[in-house]
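Examination of the molecular architecture
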Amino acid sequence: MATLIKGRRVVNESQLSPKDKVVRLEPSDDPATVSLEGVSRVEVNFPKFGDGRGYSIARLLRERRGYRGELRAVGHITRDLLFFLERCGFDAFELREGENPREALASFDDFSHSYQRGYRNRGQSPISGT
């Protein structure tokens, strides 16, 4: 079973209630055409390491569509991607089989400064944090 990280912690997947609506997007899907009404979680699939279209999907969902629910990265998710996925708006990560959860959590601290603004700190200067 894959490891789930939410809120920068390893968590156990909770059972979905019948009211929960989950939408899964593939890299070729257009997030502008997806109905988000009543959606509690959007899963964005990363079928392979080199396919970065999911990053754009996350930014579009958060910034243009105003989606505030859980945004989960699924598929080929490794520790090397977590820092950047979070900066694009993902708040949950389903690690691929075999990934070490402790190492994955440590990856959030791999970089102390960023040259570009992330989703959560859009109003701050990228380098100084102000």
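It should be noted that the structure appears before, not after, this text.
Moving on, we get to the pattern of salt bridges. Under the definition given, this model contains 16 salt bridges. For Arg72, the salt bridge is made with Glu13, and the minimal N-O distance between the two is 2.6 Å. Of this pair, Arg72 sits in strand β5 (residues 70-75) while Glu13 is found in the loop between β2 (9-11) and β3 (21-25), placing the two residues 59 residues apart along the sequence. Arg59 is the partner of Glu63 in a salt bridge, and the nearest nitrogen-oxygen pair spans 2.8 Å. Of the two residues, Glu63 and Arg59 are both situated in helix α1 (residues 53-64); the distance of 4 residues between them amounts to about one turn of the helix. A relative accessible area of 35% places Glu63 in the partly exposed class. One continuous salt-bridge network, built from bridges that share partners, spans Lys6, Glu13, Arg24, Glu26, Arg41, Glu43, Glu70, Arg72 and Glu94.

Turning to helix α2 (residues 79-87), a few remarks are in order. Along an α-helix, a turn takes 3.6 residues, which lines up residues three or four apart on a common side. All buried positions along α2 are accounted for by Leu81, Leu82, Phe83, Leu85, Glu86 and Arg87. Each element contacted by the buried residues of α2 is listed here: β1 (4-6), β4 (39-46), α1, β5, β6 (92-94) and α3 (101-106). Positive phi shows up at Gly89, right after α2, with a value of about 120°.

Another point: the sheet that holds β3. Within a sheet, neighbouring strands are paired by backbone hydrogen bonds and run either parallel or antiparallel to one another. Taken together, 6 strands build an open sheet; the order of strands is β2-β1-β6-β5-β4-β3 and the sheet is mixed. Among the strands making up the open sheet, the edge pair consists of β2 and β3. Here the strands of the sheet are splayed against their neighbours by 25° on average, with no regard to which way each runs. Most of the contacts of α1 go to β4, to which it runs at about 160°, and overall it touches β3, β4 and β5.

Below, the discussion takes up the pairing of β4. When you tally the buried positions in β4, you get 7 out of 8 residues, the bulk of the element. Of the pairings in the sheet, the one linking β3 to β4 comprises 5 bridges and is parallel in character. Bridge pairing in β4 links Val22 to Arg41. Looking at chain direction, β4 and β5 are connected through 6 bridges and run parallel.

Of note in the backbone geometry, Arg8 takes a positive phi value of approximately 60° without being a glycine. The topology assignment puts Arg8 in the loop between β1 and β2. The class for Arg8 is partly exposed, based on a relative accessible area of 39%.

Definitions and limits used
- For every chain, the first residue of the written sequence is number 1, and numbering continues from 1 onward in sequence order.
- Owing to the predicted nature of the model, reporting of local features is limited to residues with pLDDT of at least 70; listing and counting of side-chain atom pairs is limited to 80 or more, with chain, interface and lining totals taken over all residues.
- Side-chain descriptors were evaluated using all non-hydrogen atoms of the structure, hydrogens and water having been removed beforehand.
- For this document, the term salt bridge refers to a Lys or Arg side-chain nitrogen within 4 Å of an Asp or Glu carboxyl oxygen.
- Secondary structure is summarised from DSSP: a helix means a run of H or I of at least four residues, a strand means a run of E of at least two, and numbering begins at the N terminus for each.
- The rule is simple: take the accessible area with a 1.4 Å probe, protein chains only, and divide by the maximum for that residue type; under 20% is buried, over 50% is exposed, in between is partly exposed.
- Contacts are residue-level and defined by heavy atoms, with any inter-residue pair within 4.5 Å sufficient.
- Note: two strands are recorded as paired if DSSP finds a minimum of 2 bridges between them.
- Where helices are involved, their axes are fitted lines through C-alpha atoms of the stretch in contact, as for all axes, and angles between N-to-C directions lie from 0 to 180°.

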